[in-house]
Amino acid sequence: MKQILQGLLILTFISGGAFDALCQEQKQDFQGAYKKPVINLRLFGEDLSMGNSERDDYASNLAAYAVKMVLKQNADQKSLGLARKILGLALHLSPRNKKCVVVNSQLARGVLPDRVVADYEDEVFASLLFARGQLLEKHEQKINTILARYFIDLAATIDPRNEDAVYESELRRIDHGELSWKLLTGEKK
């Protein structure tokens, strides 16, 4: 009886280690480090010239692009850093957007998300972001021009062959300096 108990005890330790290894393997699908953006206060409040459904649509498509890019780049550190910026923007637009919240949480846990269905191809989405950014700049509230700059910069990043988006993004960089994403990701200055 004593030998049976010792055998069960040894088997428990062995299987426990195997279980821990399996859990660790499932927890970490990639080697890069993803840090969730810190969203303490919604940056784009009621004075933003976008309705809630439009914000939610943009947030969903931003999340879809972030996932597509991370999967395409095998979750390397550069793609995870860009995903953090994009998801930070998306979560400021629509903090309760299901796709954004889930993808953000999965990446933080080291799990590669499943591909998210996007409404647009990359080039079309970049053109849409660029056009919406230009429209936002026409509104008087400063928050609209801040979002416009992020949209235009992202349009140039998503489609670097879109000469108009690249040109306008570069003009804003020359006129106003490098665009800081710290406002959206919660990084300390």
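Source: prediction; values computed, not measured.

Colleague: Which parts of the structure should I look at to understand the packing of helix H2 (residues 52-72) against helix H5 (residues 122-137)?
Modeller: One way to put it is that H2 packs onto H5 with a least axis distance of 12 Å and a crossing angle of 140°. Judged on the interaxial angle alone, H5 and H2 are oblique. Crossing angle aside, the handedness with which H2 passes H5 is left-handed. Along its contact with H2, which presents Glu54, Tyr58, Asn61, Leu62, Tyr65 and Lys68, the element H5 presents Asp122, Phe125, Leu128, Leu129 and Arg132. Along the lines of polarity and charge, the residues of the contact of H2 with H5 split into six nonpolar, one polar and four charged.

Colleague: Sorry, what's going on with the environment of Trp181 here?
Modeller: Its location among the elements puts Trp181 in the loop between helix H7 (163-176) and helix H8 (182-185). Under the relative-accessibility criterion, Trp181 is labelled buried at 10%. Separated by 96 residues in sequence, Trp181 and Lys85 have C-alpha atoms that sit 6.4 Å apart. In this structure Trp181 touches Lys85, Leu89, Tyr150, Asp153 and Leu154, once residues within four positions along its chain are discounted.

Colleague: What am I meant to see in the side chain of Asp122 here?
Modeller: Residue position: Asp122 is located in helix H5. In this structure the side chain of Asp122 is engaged in a polar contact, spanning 3.2 Å, whose partner is the side chain of Lys68. The residues touching Asp122, leaving out its near neighbours within four places in the chain, are Tyr65, Lys68 and Ile158.

Colleague: Help me understand the pattern of salt bridges, please; the structure alone is not making it clear to me.
Modeller: Applying the stated criterion across every chain yields a total of six salt bridges. With a shortest N-O distance of 3.2 Å, Asp122 and Lys68 are connected by a salt bridge. Placement of Asp122 in helix H5 and of Lys68 in helix H2 is noted, with a sequence separation of 54 residues between them. A relative accessible area of 26% means that Lys68 is categorised as partly exposed. In this structure, the salt-bridge partner of Glu168 is Arg172, at a minimum N-O distance of 2.7 Å.

Colleague: How do you make sense of the packing of aromatic side chains when you look at a structure like this?
Modeller: The geometry of two aromatic rings is summed up by the distance between their centres and the angle between their planes. In the structure shown here, the tally under the stated rule is three aromatic pairs. Seen from their ring centres, Tyr120 and Phe125 are 6.3 Å apart, and the 5° between their planes marks the pair as stacked. Note on Tyr120: relative accessible area 37%, which makes it partly exposed. The class for Phe125 is buried, based on a relative accessible area of 3%.

Colleague: Any chance you could explain helix H4 (residues 98-108) here in plain terms?
Modeller: What sets the pattern is the α-helix's 3.6 residues per turn: residues three or four places apart point alike. Restricting attention to buried positions, one finds in H4 the residues Cys100, Val103, Asn104, Ser105 and Leu107. Taken together, the buried residues of H4 touch H2 and helix H3 (77-93). Two or three places before Lys99, at the start of H4, stands the capping residue Asn97, its side-chain oxygen 3.0 Å from that residue's backbone nitrogen. Backbone geometry just after H4 places Gly110 at a positive phi near 80°.

Colleague: I keep staring at the confidence of the model for the chain and nothing clicks. Help me out?
Modeller: For residues with low pLDDT, the predicted coordinates do not support detailed interpretation. In this model, the chain carries an average pLDDT of 85, and 83% of its residues clear a pLDDT of 70 or more. Scored below 50 in pLDDT, residues 17-27 shows four contacts in the model against residues more than four places distant or in partner chains.

Calculation criteria
Residues numbered from 1 in each chain as written. Predicted model: local features only at pLDDT ≥ 70, side-chain atom pairs only at ≥ 80, totals over all residues. Heavy atoms only, no water. Axes fitted to C-alpha atoms, helices over the stretch in contact; angles between N-to-C directions. Helix = DSSP H or I, 4+ residues; strand = E, 2+ residues; numbered from the N terminus. Parallel < 35°, antiparallel > 145°, perpendicular 65-115°, else oblique. Left-handed = near helix turned anticlockwise from the far one by under 90°. Contact = heavy atoms within 4.5 Å. Nonpolar A, V, L, I, M, F, W, Y, C, P; charged D, E, K, R; others polar. Buried < 20%, exposed > 50% of the residue type's maximum accessible area, 1.4 Å probe, protein only. Polar contact = N/O pair within 3.5 Å; in protein donor to acceptor, adjacent residues only side chain to side chain. Salt bridge = Lys/Arg side-chain N within 4 Å of Asp/Glu carboxyl O. Phe/Tyr/Trp six-rings, centres within 6.5 Å; stacked < 30°, edge-to-face > 60°. pLDDT = per-residue confidence, 0-100.

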